[in-house]
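Spelled out, the chains give:
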Amino acid sequence: MSLSGWGRYPVESCHVFRPEKRSEVAATLASGLQSSYIARGLGRSYGDAALNENAGVMWQVLLNRFLSFDHSTGVLECESGASLAEIIEYFLPRGWFLPVTPGTKFVTMGGAIAADIHGKNHHKEGSFSNFILDFRLLTPSGEVLLCSPDAHADIFWATVGGMGLTGIILNARLRLRQVDSAYVFVDFHKAPNLEDALETMDASDERYDYSVAWIDGIATGKTMGRSILMRGNHAPAAELPARLRKSHPANGNSQSGVRNDLSIPTHPRWNLFMDFPSGALNRLTVKAFNTAYYAVHHTVPRELVGFEKFFYPLDAINQWNRMYGKRGFVQYQIALPQASGRAGLRTILDRLARSGRASFLAVLKRFGDAGGGLLSFPMRGYTLALDIPAARGLVPFLHELDRMTLDHGGRIYLAKDAALQAGDFAAMYPRLESFRAIQRKLDPNRVFSSSMARRLRIVD
Ligand SMILES: Cc1cc2nc3c(=O)[nH]c(=O)nc-3n(C[C@H](O)[C@H](O)[C@H](O)COP(=O)(O)OP(=O)(O)OC[C@H]3O[C@@H](n4cnc5c(N)ncnc54)[C@H](O)[C@@H]3O)c2cc1C
């Protein structure tokens, strides 16, 4: 079937398998029907990470069972196709939330580990792998290995962030975090330019669990990089207004473990039933949107916001990626080190503004320290994500941005990438050779591959 990532660029023909049992995953691999295989979760990576042109794609979404939960430690064991949405749906009413979450909840446990995802709390908590106790990995030889920071540690650190190239994660144990409510107290800060946004983040992010900024990717001159900073902490139940503080005769745990005092906000959801015409999101429409968005937001302290609205604003519209039309779009996400980050951000934003291209969704945040994943993306500094519609000249333009990113010591996020070149990739990921050495030993016959792996020569 024809498959793409979330950006709908590129679209490729792949042979798709949908195992319903973990044993079927191994049987499919052993059958040798396809020249190679790659795992796929909910296809929320933007480019070609979960594509394998003319070869096998192992769709994991039917393997979504919860296997065990320890109420005293919050450790959940589940199959790798379980989505973060499913985890929240069951566990939030019981007072547990994800320790790290991306900007959409429609991501699987396997996809979250393979990309070693980061959230709005990276500056404090690091990335997803910090909360993974262990996972079972189906390796190319058919053996299942229990991997953790202590057991097969080299394979553990090659698999987190390893984009599915060491094998298929069958199930994993994740430590959830306890929360007292499904709300966040958010401080909004309106920053008139990039300097103010970065100064404010640097000076005060440590006071917040979560921090992120919407950034105007079109503003130039004195207002370049103007932003709306949104920084928040989980709201304690005792500080919620009375209308949200559910009291119940039991006022504690019901037999199912559901907390009767935990109020979960509900939000309407919309569907985008058809593609917008390509080019609908152009410089003019995006400029109008950005001007209005910046105008309606103000510096406001302690606004109470429901978790969906704070963590997953885009999930309110199913298939919002159709806004970019049939040609699709790319998300260009870079990480830049602290020392050269500011100069790098200015260079990239200035080039984008002069390019005539428009980024509808642009997000800026600070990263904490890098983790142990050999191909994990975050590094201490800043990250900028830009959505750019696919149009003529896009790829050479992205290559130009890649050079600028490299010149500032930065790197591209593989989970978003669709256009990077192999040489630039190798220069951006200094631990690539260590990854390759482990991967080569595990997979001498190249059972696992993907379109991204071939484009970037990740497994050489
Ligand atoms: C709106 C939106 C917002 C996002 N925000 C963020 C963000 O804030 N932070 C962030 O880090 N990311 C973010 N992402 C990216 C997303 O979190 C990652 O791309 C994630 O990997 C997607 O998971 P998935 O289940 O859809 O995996 P897929 O996209 O299907 O696959 C991604 C990679 O994981 C591998 N994989 C999947 N399942 C397995 C498995 N069982 N075993 C081994 N490998 C596997 C695939 O081979 C592939 O290489 C966002 C994406 C969207 C669409």
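Just above, that's the structure.
Residues numbered from 1 in each chain as written. Predicted model: local features only at pLDDT ≥ 70, side-chain atom pairs only at ≥ 80, totals over all residues. Heavy atoms only, no water.

## Re the site of the ligand
Move 1: Taken together, the neighbourhood of the ligand is formed by 34 residues, with Ala39, Gly41, Arg44, Ser45 and Thr108 sitting nearest.
Move 2: Within the backbone of glycine 103, an N or O atom sits 3.0 Å from a nitrogen atom of the ligand.
Move 3: Calculation on the ligand without its partners gives an accessible area of 970 Å², and the protein chains cover 96% of this total.
Move 4: Listing elements by their share of the shell around the ligand, those giving two or more residues are strand E4 (37–40), helix H3 (109–114) and strand E11 (168–175). (Near = heavy atom within 4 Å. Polar contact = N/O pair within 3.5 Å; in protein donor to acceptor, adjacent residues only side chain to side chain. Areas by Shrake-Rupley, 256 points an atom, 1.4 Å probe, with all protein chains shown as cover. Helix = DSSP H or I, 4+ residues; strand = E, 2+ residues; numbered from the N terminus.)

## Concerning the sheet that holds strand E13 (residues 183–191)
Move 1: In spatial order, the strands read E17-E13-E15-E14-E20-E21-E19-E22; together these 8 strands make up an open sheet with antiparallel pairing. With partners counted over all chains shown, the strands left at the sheet margins are strand E17 (300–306) and strand E22 (411–412), one partner each.
Move 2: Across 9 bridges, the pairing between strand E19 (residues 329–337) and strand E21 (residues 381–389) is antiparallel. Across the sheet, glutamine 333 pairs through a bridge with alanine 385, a residue of E21. (Pairing = 2+ DSSP bridges.)

## Quick word on helix H12 (residues 432–442)
Move 1: Along H12, the residues classified as buried are Leu432, Phe435, Arg436, Ile438, Gln439 and Leu442. Buried residues in H12, looked at end-on, bunch into an arc of 165°, giving them a common side.
Move 2: Buried positions along H12 lie against helix H5 (153–159) and helix H11 (422–428). (Buried < 20%, exposed > 50% of the residue type's maximum accessible area, 1.4 Å probe, protein only. Arc of directions from axis to C-beta. Contact = heavy atoms within 4.5 Å.)

## A look at the side chain of aspartate 443
Move 1: Looking at the secondary structure, you find aspartate 443 in the loop between H12 and helix H13 (451–455).
Move 2: If near-sequence neighbours (up to four positions away) are discounted, aspartate 443 is found in contact with Pro140 and Phe448.

## Some remarks on the environment of valine 186
Move 1: Of note, valine 186 is situated in strand E13.
Move 2: We classify valine 186 as buried; its relative accessible area is 0%.
Move 3: Along the chain, valine 186 and glutamate 303 lie 117 residues apart, while their C-alpha atoms are 5.0 Å from each other.
Move 4: Setting aside chain neighbours within four positions, we find valine 186 in contact with Met230, Arg231, Gly232, Val300, Pro301, Arg302, Glu303, Val305 and Phe310.

## Some details on the sheet that holds strand E3 (residues 15–17)
Move 1: Spatially, the 3 strands line up as an open sheet ordered E3-E5-E4, and their pairing is parallel. Both edges of this open sheet fall to E3 and E4, since each of them pairs with a single strand only. Pairs of neighbouring strands in the sheet enclose a mean axial angle of 30°, with direction left out of account.
Move 2: Where E4 meets strand E5 (residues 56–59), 4 bridges bridge the pair, whose relative direction is parallel. Within the sheet, the bridge partner assigned to arginine 40 lies in E5 and is tryptophan 59. (Axes fitted to C-alpha atoms, helices over the stretch in contact; angles between N-to-C directions.)

## Looking at the packing of helix H9 (residues 338–355) against helix H10 (residues 394–407)
Move 1: The contact between H9 and H10 brings their axes to 10 Å, and the two run at 160°. Comparing the axis directions of H9 and H10 gives the class roughly antiparallel. Crossing geometry of H9 relative to H10 is assigned as right-handed. The residues of H10 that touch H9, namely those facing Thr347, Ile348, Arg351, Leu352 and Ser355, are Phe397, Glu400, Leu401, Met404 and Thr405.
Move 2: Looking at side-chain class alone, the contact of H9 with H10 contains 5 nonpolar, 3 polar and 2 charged residues. (Parallel < 35°, antiparallel > 145°, perpendicular 65-115°, else oblique. Left-handed = near helix turned anticlockwise from the far one by under 90°. Nonpolar A, V, L, I, M, F, W, Y, C, P; charged D, E, K, R; others polar.)

## Section: the pattern of salt bridges
Move 1: Per the counting criterion, the structure on display carries 27 salt bridges.
Move 2: For the salt bridge of glutamate 79 with arginine 22, the shortest nitrogen-to-oxygen distance reads 2.8 Å. Linking glutamate 79 in strand E7 (residues 75–79) with arginine 22 in helix H1 (residues 22–31), this pair joins segments that are 57 residues apart in sequence.
Move 3: The partly exposed category is assigned to arginine 22, whose relative accessible area is 31%.
Move 4: Its salt-bridge partner being glutamate 308, residue lysine 105 comes within 3.1 Å of it at the nearest N-O pair. Pair noted here: lysine 105 is in the loop between strand E8 (96–97) and H3 and glutamate 308 is in helix H8 (residues 307–311), with a separation of 203 residues, a long-range link.
Move 5: Since its relative accessible area comes to 21%, glutamate 308 is described here as partly exposed.
Move 6: Put simply, Glu195, Glu199, Asp202, Asp205, Glu206, Arg231, Arg342, Arg346 and Arg366 are held in one network by salt bridges that share partners. (Salt bridge = Lys/Arg side-chain N within 4 Å of Asp/Glu carboxyl O.)

## Focus: unusual backbone geometry
Move 1: Of note, the bond from tyrosine 9 into proline 10 is cis; its omega dihedral lies within 30 degrees of zero at 0°.
Move 2: Secondary-structure assignment places proline 10 in the loop between strand E1 (2–4) and strand E2 (11–13).
Move 3: Despite not being glycine, arginine 446 shows a phi value in the positive range, around 55°.
Move 4: Counting through the fold element by element, arginine 446 comes out in the loop between H12 and H13.

## A short note on the packing of aromatic side chains
Move 1: Inspection of every chain in the model, using the stated rule, returns 25 aromatic pairs.
Move 2: Ring centres of tyrosine 46 and phenylalanine 329 lie 5.7 Å apart, and the angle between their planes is 90°; this geometry places the pair in the edge-to-face category. A residue pair is termed long-range when its members are at least 10 positions apart, and tyrosine 46 in the loop between E4 and E5 and phenylalanine 329 in strand E19 qualify at 283 residues. Phenylalanine 329 shares its class with tyrosine 46; the two are buried.
Move 3: Note on phenylalanine 377 and tyrosine 413: the rings are 4.5 Å apart at their centroids and 15° apart in plane angle, and the pair reads as stacked. On the criterion of sequence distance, the pair formed by phenylalanine 377 in the loop between strand E20 (362–367) and E21 and tyrosine 413 in the loop between E22 and H11 is long-range, its members being 36 residues apart. Across the pair, tyrosine 413 and phenylalanine 377 agree in class, each one buried. (Phe/Tyr/Trp six-rings, centres within 6.5 Å; stacked < 30°, edge-to-face > 60°.)

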